[in-house]
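Chains, contacts and geometry: an overview
Listed here are the chains, written in short residue letters.
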Amino acid sequence: MVTAIVGANWGDEGKGKITDMLSEESDIVVRFQGGSNAGHTIVNDYGKFVLHILPSGVFSDHTTSIIGNGVALNVPDLFREMNEIVERGVPQPKILVSDRAQIVMPYHILFDQYEEERLAGKSFGSTKSGIAPFYSDKYAKIGVQVAELFDEEALREKLENICVQKNVLLEHLYHKPTIDVDEIMNTLKEYRKMVEPYVCDVSHYLDQARKEGKRILLEGQLGSLKDPDHGIYPMVTSSSTLAAYGAVGAGIPPYEIKRIVTVVKAYSSAVGAGEFVSEIFGDEADELRRRGGDGGEFGATTGRPRRMGWFDAVASRYGCRIQGATEAVLTVLDVLGYLDEIPICVGYEIDGKVTKEFPTTAGLKKAKPVYEVLPGWKEEIRGITEYEKLPENCRRYIEFIEKELGVPVKMVSNGPGRSEIIHR
Ligand code: GDP
């Protein structure tokens, strides 16, 4: 049985918490895309953690955590993070790294920084962790797989070729120091020593695991709207954020993904630039940002203040549809308890016409939000464990959203902690 946990929005929906929670009843948790560019915040019995590259299942000692082939593997980040959680009392996690995962090279990080500098005011707001240069190289067929670390001669030959190309750009486009094969080889030898004990033929491992009836969880990073194909291109990430890609990025048959748990945030937030129709500004936004998430809406990786907005039913319905959501989890609902009234964006007005379908980026640029306003519940809902005990207006808000999404909301999260969840 394979379950995917993915986001319906711009990311930061609270997938980490839900994965941590569901990993209790899973045998294997797999990261299938993205790298250490975004963070998942998890609060459990061991404390509060921000994970960037480790699967959020590392806190359950019966689970195996896997870095799938679709991930942009930053080797030092992986081991830094593993050591950090162990130092804080978490049992040594069982980790496997796909022999087909590709490695984020030191020059990918440099190129990310240099390109952002070059674009200056027109930059993508990259986290500068090398993700776009990494995936560009992967598809240009000049990436380096984990397995390649074990054939030094072939690796050196490949890198010599890569350096020629990279150095032209470094010298003539960016006017920066060039890179050297020996230095990169030394770094990669270090990486090899670090990953060697964990390298695994992951698709084979997962095939066996499935046959033994093991419960597998695929953990997505970011959300639907950041998908390079279906999101707000070009202000997207560089790998697919969709459950469907879980099959590719982990190496399992697509039809095995039976349950697609799509995490939907009870209001909107986004980090970085890009279209965001229901965005709010000024004091209204500041207050929501201050009260939002667990101690404010600031990027888990960058610390940047997140952009804030009301719940966007158009974007979230699309986000669920494109994920193929079989169920939704509505998160951070507790944050909204201070509001007298809560607007929900139910349509986009584009050139004088109202639509409920999420358009391409050109349409989004022109879209104005159409709101329906629901009454607030003006109550603290943290600590409530049964759906029927939620205030009536709170249930009304959830049921309104459920109808708009067209997907059953099976869980409602009313606090950052692992146990702060209401099942329906
Ligand atoms: P992810 O990338 O989707 O895992 O999301 P992040 O970790 O970036 O952001 C979610 C933030 O909201 C974290 O600080 C979580 O601890 C917090 N969080 C998750 N669920 C809830 C909830 O139901 N209520 C509150 N108040 N905070 C939550």
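Okay, so let's go over this structure.

The rules behind each value
- Residues numbered from 1 in each chain as written.
- Predicted model: local features only at pLDDT ≥ 70, side-chain atom pairs only at ≥ 80, totals over all residues.
- Heavy atoms only, no water.
- Helix = DSSP H or I, 4+ residues; strand = E, 2+ residues; numbered from the N terminus.
- Contact = heavy atoms within 4.5 Å.
- Buried < 20%, exposed > 50% of the residue type's maximum accessible area, 1.4 Å probe, protein only.
- Pairing = 2+ DSSP bridges.
- Polar contact = N/O pair within 3.5 Å; in protein donor to acceptor, adjacent residues only side chain to side chain.
- Axes fitted to C-alpha atoms, helices over the stretch in contact; angles between N-to-C directions.
- Near = heavy atom within 4 Å.
- Areas by Shrake-Rupley, 256 points an atom, 1.4 Å probe, with all protein chains shown as cover.
- Nonpolar A, V, L, I, M, F, W, Y, C, P; charged D, E, K, R; others polar.
- Salt bridge = Lys/Arg side-chain N within 4 Å of Asp/Glu carboxyl O.

**Thoughts on the environment of methionine 105**
Positionally, methionine 105 belongs in the loop between strand E8 (102–103) and helix H3 (106–119). For the pair formed by methionine 105 and glycine 143, sequence separation is 38 residues and the distance between their alpha carbons is 8.8 Å. When residues no more than four places from it in sequence are discounted, the contact partners of methionine 105 are Val144, Leu159, Ile184 and Leu188.

**Here's the deal with the pairing of strand E5 (residues 64–67)**
Along E5, one buried face is formed by Thr64 and Ile66 and the opposite face, lined by Ser65 and Ile67, is buried too. When strand E2 (residues 28–31) meets E5, the two strands line up parallel, connected through four bridges. When the bridges of E5 are listed, arginine 31 appears paired with isoleucine 67. The sheet contact formed by E5 and strand E7 (residues 94–98) spans four bridges and is parallel. Paired with serine 65 across the two strands is isoleucine 95, which belongs to E7.

**Remarks on helix H10 (residues 313–323)**
Here H10 lies mainly inside the structure; ten of its eleven residues are buried. Turning to H10, its buried residues are Ala313, Val314, Ala315, Ser316, Arg317, Tyr318, Gly319, Cys320, Ile322 and Gln323. Where H10 begins, one side-chain oxygen reaches toward the backbone nitrogen of valine 314, 3.0 Å away; that side chain belongs to aspartate 312. Immediately downstream of H10, the backbone of glycine 324 shows phi near 75 degrees, a positive value.

**Observations regarding the sheet that holds strand E12 (residues 268–270)**
Each strand in a sheet pairs with its neighbour through backbone hydrogen bonds, running either in the same direction (parallel) or in the opposite one (antiparallel). Sheet architecture is open: three strands sit in the order E12-E14-E13, paired in antiparallel fashion. Strands with a single pairing partner mark the edges of an open sheet, and in this sheet they are E12 and strand E13 (279–280). Pairing of E13 with strand E14 (residues 307–309) involves two bridges; the strand directions are antiparallel. The residue bridging glutamate 279 from the neighbouring strand is glycine 309, located in E14. Contacts from helix H9 (residues 282–291) reach E13 and E14 within the one sheet, and its direction differs from that of E14 by about 105 degrees.

**Quick word on the site of the ligand**
Lys15, Gly16, Thr41, Asp334 and Ser413 are the nearest of the 19 residues found near the ligand. At 3.0 Å, a backbone N or O of valine 332 approaches an oxygen atom of the ligand. Expressed as a share of its isolated accessible area of 580 Å², the protein-covered part of the ligand is 96%. Looking at the shell around the ligand element by element, the count peaks at three residues for helix H1 (residues 15–23). Taken together, the residues that form the shell around the ligand break down as three nonpolar, nine polar and seven charged.

**Some details on the pattern of salt bridges**
The tally for this structure, following the rule as stated, stands at 36 salt bridges. The salt bridge involving aspartate 12 is made with arginine 306; its shortest N-O contact spans 3.0 Å. With aspartate 12 in the loop between strand E1 (2–7) and H1 and arginine 306 in the loop between H9 and E14, this residue pair connects regions lying 294 residues apart in the sequence. Residue aspartate 12 shares its accessibility class with arginine 306, and that shared class is buried. As a salt-bridge pair, arginine 291 and glutamate 287 come within 2.9 Å of each other at their nearest N and O atoms. In this pair, arginine 291 and glutamate 287 both sit in helix H9, four residues apart, roughly one turn of the helix. For arginine 291, a relative accessible area of 38% puts it in the partly exposed group. One connected set of salt bridges, linked through shared partners, spans Asp12, Lys265, Glu297 and Arg306.

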